[in-house]
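An overview of the molecular structure
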Amino acid sequence: MNLSFYIAKRYAVSFSRNKAINIITGIASVGIIASTMALFVFLSVFSGLKEFSLNFANASDPDLRIETTTGKTFLVSPKQEELLKKSNNINSFSKIIEERVYFMYDNKELVAHIKGVDNHYIQVTDFNKHLYAGEWFETNSESVVIGADISRKLGLGLFDYNNALEAYVPKPGKGDIENANEAFNKSLLFPSGIYSINEELDGKYVFCSIGLAQHFLGLKNNEITNIEIKLKPNTDENKARKELNSILGNDIKIKNRAQLNDSLYKMLQSENLFIYLFSTLVVILTLFCLAGAIVMIIIDKRDNLKTLYNIGVTQTSIRTIFFTQGIIITLFGLAIGLGLAIGIILLQQHFSFIMITPTMPYPVLFEWQNMVIVIMTITILGLISSWIASGTVNKKLFS
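1. Concerning the pattern of salt bridges
Counted under the stated rule, the structure contains 11 salt bridges. The shortest N-O distance in the salt bridge between Lys72 and Glu99 comes to 3.2 Å. Taken together, the positions of Lys72 in the loop between β1 (64-68) and β2 (74-75) and Glu99 in strand β3 (residues 90-105) put the pair 27 residues apart, joining distant regions of the chain. A relative accessible area of 60% places Lys72 in the exposed class. In this structure, Glu228 and Lys115 form a salt bridge, with 3.0 Å as the shortest nitrogen-oxygen distance. Taken together, the residues span a long stretch of sequence, with Glu228 in strand β11 (residues 226-231) and Lys115 in strand β4 (residues 108-117) at a distance of 113 residues. One connected set of salt bridges, linked through shared partners, spans Arg65, Glu67, Glu98, Lys253 and Lys255.

Given below as structure tokens:
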């Protein structure tokens, strides 16, 4: 009777241990699956938000922008223009004049940028596609295109030829000012279109023809502030930069989209790093559960391990067994979690189940580099946790 009770007790204890170990191992597996999903989904969501944010910059920024390193303006000769037109790297380019200007309308005041552009500007950027009212201005006219925020702040409408938008800029030159009216160049402008992209850009620009801007600012016909360039598809940027330096000289600086939006790109990179580190912390906590499960298995199988050690199995071989077990659990959770996460992202991309507004789906973007990051992160951390857990197999365990 006592023997039966003893055997039943030992069996119950062993069953309870095995059940507890199975539960902990299962929790670790589910945790790896969930953390893998979370890491990939977070990275894909941020990739979508990053692309969504950069689309606004891409609407107004060219592939390359040329500025002078000496002063505000520079001269472009007809020969240089001809060389730019013949370039095999340049699809189109636009001469630009940009300056901060004081605007007044109906006793309301605002400081914004006037941007004089030529006929090729709408080929360099897709800015005219963002007009939500009116039309793009005609060449050599006093018509302008304004941002939605400027229109709202000044109460400006379209095609109102009885009430002009007044623009003022200080006259270039030196000497004392005797009459305030003679200190400023003045121009009367008439809005023909309103664009809307985002809050920052909608309050920044008033577009006009380059001839109007040159006359208003007192510049020469071939004097500009910058050149905006659209490159041909698959053009090597470094090759294009060398060609532009050979045409325009070395007194210019060439900026691409990332350099034009340096602060935006740095902010996005910082946010991306923060999201990755936060998600990786969750993965680390999950893999601690895996390490704990392996340690519990080692302790539970201590007697069996002693037997293996006594019959000649080396300590390194026993460690390898548990190290391999940890890797198998990690890769199993990684495969399932990554598969589920990819499915979620692709479904959102194609069917837009989650919406921000009734017309705007939550932005996500499937990128192969995110998949590589997730695989590398989970695998490396799984290797480390499995190695640490298998390290508990030592000579003290066999004593």
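2. Here's the deal with the environment of Leu165
With respect to the element layout, Leu165 can be found in strand β7 (residues 165-170). You can call Leu165 buried: its relative accessible area is 0%. The spatial distance from the C-alpha of Leu165 to the C-alpha of Leu188 is 5.7 Å, given a sequence separation of 23 residues. For Leu165, the contacting residues outside a window of four places in its chain are Phe103, Met104, Tyr105, Leu154, Leu156, Ser187, Leu188 and Leu189.

3. Topic: the packing of helix α9 (residues 262-300) against helix α12 (residues 368-390)
The N-to-C vectors of α9 and α12 enclose an angle of 35 degrees; their axes lie 9 Å apart at closest approach. For the crossing formed where α9 meets α12, the hand is right-handed. Two secondary-structure elements touch here, α9 through Tyr276, Thr280, Val283, Ile284, Leu287, Leu290, Ala291, Ile294, Val295 and Ile298 and α12 through Ile373, Thr377, Ile378, Leu381, Gly382, Ser385, Ser386, Ala389 and Ser390.

4. With respect to the side chain of Lys95
Along the chain, Lys95 falls in strand β3. A polar contact of 3.0 Å, which involves the side chain of Lys95, links it to the side chain of Glu81. Look past the residues within four positions of Lys95 in its chain and what remains in contact with it is Glu81, Gly116, Val117, Asp118, Ile210, Ile224 and Asn226.

5. A short note on the packing of aromatic side chains
Enumeration according to the criterion identifies 12 aromatic pairs in this entry. Ring centres of Trp136 and Phe207 lie 5.6 Å apart, and the angle between their planes is 45 degrees; this geometry places the pair in the tilted category. You can see Trp136 sitting in the loop between β5 (131-134) and β6 (143-147) and its partner Phe207 sitting in strand β9 (residues 205-209), a full 71 residues away along the chain. By relative accessible area, Trp136 is classed as buried at 18%. A residue is classified by how much of its surface remains accessible, and Phe207, at 0% relative accessible area, is buried. Where Tyr205 meets Phe207, the ring centres are 5.5 Å apart and the plane angle is 50 degrees; that geometry is what we call tilted. Taken individually, Tyr205 and Phe207 each receive the classification buried, so the pair is uniform in this respect.

6. What to know about the packing of helix α2 (residues 78-86) against helix α7 (residues 237-248)
Two elements in contact, α2 and α7, have axes whose closest approach is 10 Å; the angle formed by their N-to-C orientations is 160 degrees. Compared by their axis directions, α2 and α7 come out roughly antiparallel. Of the two elements, α2 crosses α7, and the hand of that crossing is right-handed. Judged by residue contacts, Gln80, Leu83 and Leu84 of α2 engage Leu244, Ile247 and Leu248 from α7. Per-class residue counts for the contact of α2 with α7 are 5 nonpolar, 1 polar and no charged.

7. Remarks on the nonpolar core
Ile66, Phe103, Leu189, Ile227, Ile229 and Leu244 are the most contacted members of the largest nonpolar core, which totals 42 residues. For this core, the element with the highest residue contribution is β3, accounting for 6 residues. If we skip the residues at most four places from it in the chain, Phe103 touches Lys108, Glu109, Leu110, Ala112, Ile114, Leu165, Glu166, Ala167, Leu189 and Val206. Within the second largest apolar cluster, 31 residues are counted, among which are Leu39, Ile329, Phe366 and Val374.

8. Here we look at unusual backbone geometry
In this structure, Phe159 takes a positive phi of about 55 degrees despite not being glycine. Structurally, Phe159 is set in the loop between α4 (148-154) and β7. Overall, the relative accessible area of 39% leaves Phe159 in the partly exposed class. Even without glycine at this site, Ser352 takes up a positive phi of about 50 degrees. You can see Ser352 is positioned in the loop between α11 (315-351) and β13 (355-357).

Thresholds, definitions, all that
Residues numbered from 1 in each chain as written. Predicted model: local features only at pLDDT ≥ 70, side-chain atom pairs only at ≥ 80, totals over all residues. Heavy atoms only, no water. Salt bridge = Lys/Arg side-chain N within 4 Å of Asp/Glu carboxyl O. Helix = DSSP H or I, 4+ residues; strand = E, 2+ residues; numbered from the N terminus. Buried < 20%, exposed > 50% of the residue type's maximum accessible area, 1.4 Å probe, protein only. Contact = heavy atoms within 4.5 Å. Axes fitted to C-alpha atoms, helices over the stretch in contact; angles between N-to-C directions. Left-handed = near helix turned anticlockwise from the far one by under 90°. Polar contact = N/O pair within 3.5 Å; in protein donor to acceptor, adjacent residues only side chain to side chain. Phe/Tyr/Trp six-rings, centres within 6.5 Å; stacked < 30°, edge-to-face > 60°. Parallel < 35°, antiparallel > 145°, perpendicular 65-115°, else oblique. Nonpolar A, V, L, I, M, F, W, Y, C, P; charged D, E, K, R; others polar. Core = buried A, V, L, I, M, F, W, Y, C linked by side-chain atoms within 4.5 Å.

Spatial relationships are all this shows, so hold off on functional conclusions.
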